[in-house]
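Chains, contacts and geometry: an overview
Here's the letter readout for the chains.
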Amino acid sequence: MDKMTQQVDLVEGHVASDSIGTGKGRELSRRSMLKTSVGAAIGGAAAMILPSGIVNATDQPKAVSAPKLPDFEIKDYSKIPQRTHQYPASERAKKIVRDSMAIDTLFSGLWPSQWSSPKAPEFHDEMDKCKAAGFNVLAACPSADSLDASVEGIMKGAQFYLSKMKERPDNYMLIRTTKDIDEAHKQNKLGIYFTHQGTQIFGGDIDRVGLWREMGYGYCLLAYNQRNDVGDGCFEIENRGLTAYGKKLVDAYNRYGMLVDVSHTGERTSLDAIERSSQPVISSHSGAKAIADYQRSLTDAVIKGVAATGGVCSINMVAAFMDTSNPDILTTDTLFQHIDYMVNLVGIDHVGFGSDYIPNINFTASIIQTPMGQKVFPDGGYSAAVGAKGFPTPAPYQIVAALIDKMLENGYSEADCGKFLGGNMYRVFDQVWV
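Regarding its fold elements, the protein presents 17 helices and eleven strands. The proportion of buried residues among the 434 residues of the protein is 59%. The contacts of the protein with a sequence gap of at least 6 include a subset with a gap of at least 24, amounting to 77%. As displayed, the protein offers around 17100 Å² of accessible surface, 51% of which is attributable to carbon and sulfur atoms.

Moving on, we come to the packing of aromatic side chains. Summed over all chains, the structure comprises 29 aromatic pairs. Ring centres 6.3 Å apart and planes at 85° place the aromatic pair Y224 and F377 in the edge-to-face group. Taken together, the residues span a long stretch of sequence, with Y224 in the loop between β7 (217–221) and α8 (244–256) and F377 in the loop between α14 (371–376) and α15 (382–388) at a distance of 153 residues. F377 sits in the buried class, given a relative accessible area of 6%.

With that out of the way, let us pick up helix α3 (residues 91–99). Residues spaced three or four apart along an α-helix face the same direction, because each turn holds 3.6 residues. Looking at α3, one finds that the buried residues are A93, I96 and V97. One side of α3 holds all its buried residues, which, seen down the axis, span an arc of 95°. Every exposed residue of α3 that faces more than 90 degrees away from the buried side is listed here: E91 and D99. Where α3 is buried, its residues contact β3 (102–108), α4 (123–133), α16 (396–409) and α17 (414–432).

The next thing to look at is the nonpolar core. By size, the foremost hydrophobic cluster in this structure holds 86 residues, and its most contacted members are W115, M127, F202, Y217, Y253, I404 and F420. Of the residues forming this core, the biggest block, eight residues, is contributed by α16. Discounting residues that sit within four places of it in the chain, Y253 has contacts with T199, F202, V209, C220, L221, L222, M258, L259 and V260.

Another point: the side chain of N254. Turning to its location among the elements, N254 is positioned in helix α8. Looking at N254, its side chain comes within polar contact range of the side chain of S277, at 3.1 Å. Among the polar contacts listed, one links the side chain of N254 to the backbone nitrogen of S278, at a separation of 2.8 Å. Not counting chain neighbours up to four residues away, the residues in contact with N254 comprise V260, R276, S277, S278 and Q279.

What follows is about α4. Buried residues of α4: F123, H124, E126, M127, C130 and A133, and no others. Count one or two residues on from α4 and you reach G134, which has phi positive near 120°.

The next subject is the environment of T370. Topologically, T370 is positioned in the loop between α13 (362–367) and α14. Classification of T370 by relative accessible area gives buried; the value is 11%. For the pair T370 and A384, spaced 14 residues apart in sequence, the C-alpha separation works out to 7.7 Å. In this structure the side chain of T370 is engaged in a polar contact, spanning 2.7 Å, whose partner is the backbone oxygen of I367.

On to the pairing of β7. Buried residues dominate β7, accounting for five of its five residues. Pairing of strand β6 (residues 190–197) with β7 involves three bridges; the strand directions are parallel. Within the sheet, the bridge partner assigned to T195 lies in β7 and is Y219. With respect to chirality, the unit in which β6 leads through helix α7 (residues 208–214) into the neighbouring parallel β7 is right-handed.

As a general feature of sheets, a regular strand has side chains that alternate between the two faces. Within strand β4 (residues 135–144), ten of the ten residues are buried, which leaves it mostly tucked inside the rest of the structure. Bridge count between β3 and β4: five bridges; the pairing is parallel. Note that in β4 the partner of I103 across the bridge is V137. Taking the sense of rotation as the criterion, the β-α-β connection linking β3, α4 and β4 turns out right-handed. Of the strand pairs in this sheet, β4 and β6 are connected by six bridges, and their pairing is parallel. If you follow A140 over to β6, its bridge partner there is F194.

α17 packs onto α3 with a crossing angle of 50° between their chain directions and a minimal axis gap of 9 Å. Considering the angle they form, α3 stands oblique to α17. As for the relative orientation of α3 and α17, their crossing is right-handed in sense. Contact with α3, carried on its side by R92, I96 and V97, involves E414, C417 and L421 of α17 and no other residues of that element. Residue classes in the contact of α3 with α17 are distributed as four nonpolar, no polar and two charged.

On to the side chain of N316. Locating N316 in the fold gives a position in the loop between β10 (313–315) and α11 (319–322). Take N316: its relative accessible area is 1%, and that puts it in the buried class. Of note is the side chain of N316, whose polar atom sits 2.6 Å from the backbone nitrogen of V318. A polar contact is formed between the side chain of N316 and the side chain of D356, at a distance of 3.2 Å. When neighbours within four sequence positions are excluded, N316 is seen to be in contact with H285, S286, G287, R296, F321, M322, L335, G354, S355 and D356.

What counts, and at which threshold
Residues numbered from 1 in each chain as written. Predicted model: local features only at pLDDT ≥ 70, side-chain atom pairs only at ≥ 80, totals over all residues. Heavy atoms only, no water. Helix = DSSP H or I, 4+ residues; strand = E, 2+ residues; numbered from the N terminus. Buried < 20%, exposed > 50% of the residue type's maximum accessible area, 1.4 Å probe, protein only. Contact = heavy atoms within 4.5 Å. Areas by Shrake-Rupley, 256 points an atom, 1.4 Å probe, with all protein chains shown as cover. Phe/Tyr/Trp six-rings, centres within 6.5 Å; stacked < 30°, edge-to-face > 60°. Arc of directions from axis to C-beta. Core = buried A, V, L, I, M, F, W, Y, C linked by side-chain atoms within 4.5 Å. Polar contact = N/O pair within 3.5 Å; in protein donor to acceptor, adjacent residues only side chain to side chain. Pairing = 2+ DSSP bridges. Right-handed = clockwise from strand over helix to strand, strands pointing away. Axes fitted to C-alpha atoms, helices over the stretch in contact; angles between N-to-C directions. Parallel < 35°, antiparallel > 145°, perpendicular 65-115°, else oblique. Left-handed = near helix turned anticlockwise from the far one by under 90°. Nonpolar A, V, L, I, M, F, W, Y, C, P; charged D, E, K, R; others polar.

Okay, structure coming up:
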């Protein structure tokens, strides 16, 4: 068995400067804000200077360094039943997916821990399978506050994706707006944008929202399970609200066209953010608490609040989060319960698809069983039991058409299915991504 290593090699090669270049037609106001954010990013972290975007010294989050991970055995979970399970689907359902604007709002491929190696030889195969299934757009997640949220770690994660995309420029396009999505679709390319699970990416400087937005980050979680400088995560018993810094950060999200994402976030902080935001709010990958009573699920109040902003709640596909019996295989019946419940609560216009699929599960399933992992998911050992099963989660391409069949069988129209698959999220992107 492999042992956890605390150092990883950089991806070979480098990212060409045009990998993160700006597209044509950017508004002047956007360009002005970007200049501000770039200047703040260059000067802020190293010199510990307070740029204009930082609220004040006491509110400034401390600099984050890469965590020191314990030695633990990384077991092989590549052959668990979920990975080889077949979800039969009709040709009609497959065609609906191919003909729709299909968007997966959370493809969890943290680098390097959620790939087989730092070079990720499976990358293009995974992307090709998503594209063949009919997905037009993926929200790639290179990094998260729960692991290496240092500036260097986050940048390396983004560099990995940009480098892989550069290997096949005919197949991928970095997207920042719906115009980019339309262009990627026209060129038969898979559109990819980025997301970070947490807010350490900003280093306490709200103007860095503009920097990361320009680099292709479409939204970032407000909190990842625990309390941070923005507010409470979903595992915080006190369930406190949005902080003063958090309010300023939500304002910056609105200003720079970054979507507010309340997945993994506590109920009160989520509701405060919903109230504060002048733009639609989303939950990129969560279920309904009324169906699966687990901390990662959304209460009715949050689902209704997201919908009231015009936003979308995307359905998570981690089996144990959607079904608290901790099944070996997630069924379309279970997922449909969450979809149907949310639709009955707020309408079809506010529900979407967000798989939370991890390409290589070995590291994640193994570390969640350690004391460190249980601090991130303090649920009395439930997530450790989930890890012992290899965190069963179907790939988006594995289940999507079968899920559409389930919706059709229960009276949903093809138009409804198209909204769920990505039409709803595209509408929100078109409103917020400027």
